[in-house]
Amino acid sequence: MESYETHEHDVLVIGAGGAGLRAAIEAASQGVSVGVVCKSLLGKAHTVMAEGGVAAAMANVDKSDNWQTHFKDTMAGGKMLNNWRMAQIHAQQAPDRIHELEQWGALFDRTPTGDILQRAFGGHTCKRLCHVGDRTGLELIRTLQDRVVQIGMPVYMECTATHLFKDGGRIAGVLAYWRETGKFVLYKAKAIILATGGTGKAFVITSNSWEYTGDGFGMAYQAGAQLMDMEFVQFHPTGMVWPPGVRGILVTEAVRGEGGQLKNSKGERFMERYDPKRMELSTRDQVARAIYTEVKEGRGSPHGGVFLSVTHLNAEAVKKKLPSMYHQLKDFADVDITKEPMEVGPTTHYIMGGIRVEAETTASTVPGLYAAGETAAGMHGANRLGGNSLSDLLVFGRLSGHHAAQFAKQNSGAVKINEDEVRRAAQEVLAPFDRTSGPTPYELHEKLQEFMQAKVGIMRIESDIKEALVEIQDLKKKLTTVRVSGSRMFNPGWHLAYDLKNLLTSAEAIARAALMRQESRGAHTRLDHPKTDPEWGKVNHVISKDGDAMKVAQSPLPQMPDELKKLFEETK
Amino acid sequence: MSEMVIRVSHGTTEKMEEKTYKVPVGPGMVVLDAIHYIQSHFAPDLAVRWNCKAAKCGSCSAEVNGKPKLMCKSRMDAYDQNEELVVHPIKTFPRIKDLVTDVSWNYRVNKTITPFTPPKGNFGKMYQADMDRVQEFRKCIECFLCQSVCHVLRNHEKHEEFAGPRFFVRIASLEMHPLDEASRIKFLKEEGGLGYCNITKCCSEVCPEDIHITDNAIIPLKERVVDEYYDPVQKIFRIFSGK
């Protein structure tokens, strides 16, 4: 094959969002050599779009808050399907991770007494979200990015990872291509951390960017790692619905956190019928289902959503607390949110499932391969609470960096990568250039997004999911005939052609797990099995590669120790 | 649905050409939607950077009818439907391909800035009033439109001697940070070339985050440079103190 450059690191981090950068910082602090590979420019990863805040029981506003309450809220929000140990570690460590960000220069909004201000959010029983107006993610990523630059480590930007390689059983490296030139680059590494985010681009209405193609899921699956809980896809209740070009773009939950009200076309605050106690601050799965139901039963807004209004709040306060929302709606939809309601509806936002990891170490089932952030499963169970993702990134990003570095130190011998495997992988990536006929990647992607949205979306039923699985098999066949044109230089069509492989693996895992779970729980709603069944609450779905087929197995949920179980009894 | 004619610059620095496409225009459509339409229907290899499509990441900078803009924020209905719309890459940086430019110079400049330097140990409290002005600077999404429009870079190509508005904003966010203890004034005067800026405010005009780059970042920094280097009282003090 053509010559390619090679780099070698003790720890290689794939993905430069919050989890990846936090992991890189931690690994570097252990004195090992660290490199970061990312698909976009540094600072553009999805974390930048997070708006509402980062959850941590700091008790600055609600003095009664503590890690136990945060833990309970997280488990209850996840319908008890969470890995209890991850939820516990997360709740205990989140406050330290926020303080650490301040030491690196982050500036969160303050209380009048000079502490970090915290706001209310869905499913959190205390005011718990540290924030910077409605641009918290930008503050997070910029702070971490500055820290990475300060420490000084190679960041391989606009470089897409395609295949993981192993040496014997353990991880050995990854093949990638430079988006600019289309040339290959091989990274050898003793440990690899996948922080590649989710797979929102499998759906047509989504708040996710082009990068969200399930690369980590696809690569880990091919390398023999297990995926878990893939049926749980979060549909954020409030995406924009109009105009068509911005359909799916997020309207932050902070709008409701600051007092925004949801109304149907009759002017009713319909959450009274679905969750009278928590109203608009119910969990995302419930609010999304409520909006879906209102629209379906004919009480929707003109463009197929419902109304979200902050017009009863002080206009200046709205502009101060929700500045990006004010501009976003004004610029894109001609709506002045201080005077008129917004039209909103559910949008694909996040996946609770992902790579199965050990709670304490974030290690996958492949030695040397770690996963953190949205790429990892377990922390959020069947439904994630808003604000728990940014804290997840920090807590588990740090742990993955720590443990990957430890692994690299303990397994310091050189890793070997089989040349033939590299050659075959490169051939696979380049194959679409050889074809002169066949579908374009854009056609296949559009098809996938449409049927995933229609058949494995917010409301699911056995017959639909089965149809989707047939379509997935069909697309997998067509993907072997996909053609691309142009050169290898910065060619988005070609990039998408390979991304589709990971998207299809993710979509199949979602559909297979959704078909198997014959109940409704959290974000997974089965019209043919509308009840939550305690028996199903005892198992996770574990997905792995079995020859050429995808295997879904049930695995019993780890048992929570008695002292934590007691926390739930006390509130009953 | 109406149609609009859109002319897009293709190619590399060595070989570039404009190609013309007819694109259907729907309600609320933005220029980035038109580029995506062209990708999926006519030119699958058309290179463009984008991520969030919501003016939060600063990836899709381009020059629309000659003006530096975020394509995701530029509505088609803001332009005359009977005129051709022209989309070029941002001018100040070398083109890689089509609408994608090499902005790596910015990342190199960033590395030369003294990082955040807090006092040792635990911090006390911080108050909102002390943070407001810094939070304005921290809104920057690094779209580099200010860098692209600044004549010191755009016309005079002083890349080696001038950090550009983006990094004056970054330095202002550090210099005015309530906890920062370092000084970047020497850098501003020397490597940063702050003196080249003659406050035409072009950068402030194109900023999609409405940061008052000139008034709130550059002018106060210029004042600090003047205080440090040109204050006559300070100068006499320095002569006698030997500093």
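Quick caveat, the model's predicted, so the values are computed rather than measured. (Residues numbered from 1 in each chain as written. Chains lettered and ligands numbered in written order. Predicted model: local features only at pLDDT ≥ 70, side-chain atom pairs only at ≥ 80, totals over all residues. Heavy atoms only, no water.)

Participant: In this structure, what is going on with the overall build of chain A? I would like to understand it.
Facilitator: The helix and strand inventory of chain A stands at 16 helices and 18 strands. The globule rule puts the C-alpha radius of gyration for 572 residues at 25 Å, and the 23 Å found for chain A is close to it. Taken along its principal axes, the extent of the C-alpha atoms in chain A is 65 × 50 × 50 Å. Going through the 572 residues of chain A one by one, you find that 66% of them count as buried. Counting contacts in chain A only where the partners sit at least 6 residues apart, residues at least 24 apart contribute 73% of the total. Surface summary for chain A: the accessible area is close to 18800 Å², and the carbon and sulfur share equals 50%. (Helix = DSSP H or I, 4+ residues; strand = E, 2+ residues; numbered from the N terminus. Rg over C-alpha atoms; globule rule 2.2 N^0.38 Å. Buried < 20%, exposed > 50% of the residue type's maximum accessible area, 1.4 Å probe, protein only. Contact = heavy atoms within 4.5 Å. Areas by Shrake-Rupley, 256 points an atom, 1.4 Å probe, with all protein chains shown as cover.)

Participant: Would you explain the domain arrangement of chain B in this entry?
Facilitator: A common way to state how big an interface is: give the accessible area lost once the parts meet. Residue and element names in this part refer to chain B. According to the domain assignment, chain B contains domain 1 (2-101) and domain 2 (104-241). With centres defined by C-alpha atoms, the gap from domain 1 to domain 2 works out at 31 Å. Contact residues are listed per partner, giving 16 residues for domain 1 and 17 residues for domain 2. A combined buried area of about 1200 Å² lies between domain 1 and domain 2, and 57% of that area is made up of carbon and sulfur atoms. For the pair domain 1 and domain 2, the interface holds 1 salt bridge. For arginine 154, the salt bridge is made with glutamate 63, and the minimal N-O distance between the two is 2.8 Å. Counting across the domain 1 and domain 2 interface gives 6 residue pairs in polar contact (both at pLDDT 80 or more). Sorting the residues of the side of domain 1 that touches domain 2 by element identifies strand E3 (61-64) and strand E4 (67-70) as the ones contributing at least two each. Residue classes in the side of domain 1 that touches domain 2 are distributed as 7 nonpolar, 4 polar and 5 charged. (Domains from an automatic or database assignment. Buried area = accessible area lost by both parts, 1.4 Å probe. Salt bridge = Lys/Arg side-chain N within 4 Å of Asp/Glu carboxyl O. Polar contact = N/O pair within 3.5 Å; in protein donor to acceptor, adjacent residues only side chain to side chain. Nonpolar A, V, L, I, M, F, W, Y, C, P; charged D, E, K, R; others polar.)

Participant: So what exactly am I meant to see when it comes to the sheet that holds strand E5 (residues 129-130) of chain A here?
Facilitator: All names here are of chain A. Spatially, the 3 strands line up as an open sheet ordered E3-E5-E4, and their pairing is antiparallel. Here the strands that pair on one side only, and so sit at the sheet edges, are strand E3 (54-55) and strand E4 (118-119). Pairing of E3 with E5 involves 2 bridges; the strand directions are antiparallel. Its bridge partner being in E5, alanine 55 is matched across the sheet by leucine 129. (Pairing = 2+ DSSP bridges.)

Participant: How do you make sense of the interface of chain B and chain A when you look at a structure like this?
Facilitator: In this assembly, 57 residues from chain B lie in contact with 60 residues from chain A. Taken over both partners, the interface formed by chain B and chain A buries close to 4800 Å², and the fraction arising from carbon and sulfur atoms is 55%. Counting across the chain B and chain A interface gives 9 salt bridges. In this structure, the salt-bridge partner of B:Lys56 is A:Glu51, at a minimum N-O distance of 3.3 Å. Here chain B and chain A share 34 residue pairs in polar contact (both at pLDDT 80 or more) between them. Elements supplying a minimum of two residues to the side of chain B that touches chain A: helix H1 (31-41), strand E6 (95-97), helix H2 (104-111), helix H3 (128-137) and helix H6 (165-175) of chain B. Element by element, the count of residues in the side of chain B that touches chain A is highest for H3(B), at 5 residues. Grouping the constituent residues of the side of chain B that touches chain A by class yields 28 nonpolar, 12 polar and 17 charged.

Participant: How should the nonpolar core be read in this particular structure?
Facilitator: Across soluble globular proteins, nonpolar side chains have a tendency to be buried as a group. Grouped together as the largest cluster of nonpolar side chains are 248 residues, with contacts concentrated most on A:Val11, A:Leu164, A:Tyr187, A:Ile192, A:Leu194 and B:Met71. With 13 residues, the single largest contributor to this core is helix H15 (residues 492-516) of chain A. What A:Ile192 contacts, discounting residues up to four positions off in sequence, is A:Leu12, A:Ile14, A:Leu164, A:Ile171, A:Gly173, A:Val174, A:Gly368, A:Leu369 and A:Tyr370. One finds A:Trp84, A:Ala87, A:Ala91 and A:Leu564 within the second-largest nonpolar core, a separate group that totals 9 residues. (Core = buried A, V, L, I, M, F, W, Y, C linked by side-chain atoms within 4.5 Å.)

Participant: Would you take a moment to explain the pairing of strand E17 (residues 539-546) of chain A for this structure?
Facilitator: Residues in a regular strand project their side chains so that they alternate between the two faces of the sheet. Residues and elements named next belong to chain A. Within E17, 6 of the 8 residues are buried, which leaves the element mostly enclosed by the surrounding structure. Pairing of strand E10 (residues 227-228) with E17 involves 2 bridges; the strand directions are antiparallel. The residue of E17 that forms the bridge with methionine 228 is valine 542. As defined by bridge partners, E17 adjoins strand E18 (residues 549-556) across 8 bridges and the pair is classed as antiparallel. Residue histidine 541 lies in a different strand from E18, and its bridge partner there is glutamine 554. The hairpin formed by E17 and E18 contains 2 residues between the paired strands, and glycine 547 there has a positive phi angle of roughly 65°.

Participant: What's the story with unusual backbone geometry in this structure? I'm lost.
Facilitator: Peptide bonds are trans in most cases, and residues, glycine excluded, mostly fall at negative phi. Here the amide bond leading from A:Trp242 into A:Pro243 is cis, since omega sits at -5°, within 30 degrees of zero. Of note, the phi angle at A:Met279 is positive, near 50°, even though the residue is not glycine. Mapping A:Met279 onto the fold places it in the loop between helix H7 (271-274) and helix H8 (284-296). A positive phi angle is found at B:Phe144, which is not glycine, with a value near 65°. With respect to the secondary-structure elements, B:Phe144 resides in the loop between H3 and helix H4 (145-149). Overall, the relative accessible area of 4% leaves B:Phe144 in the buried class.

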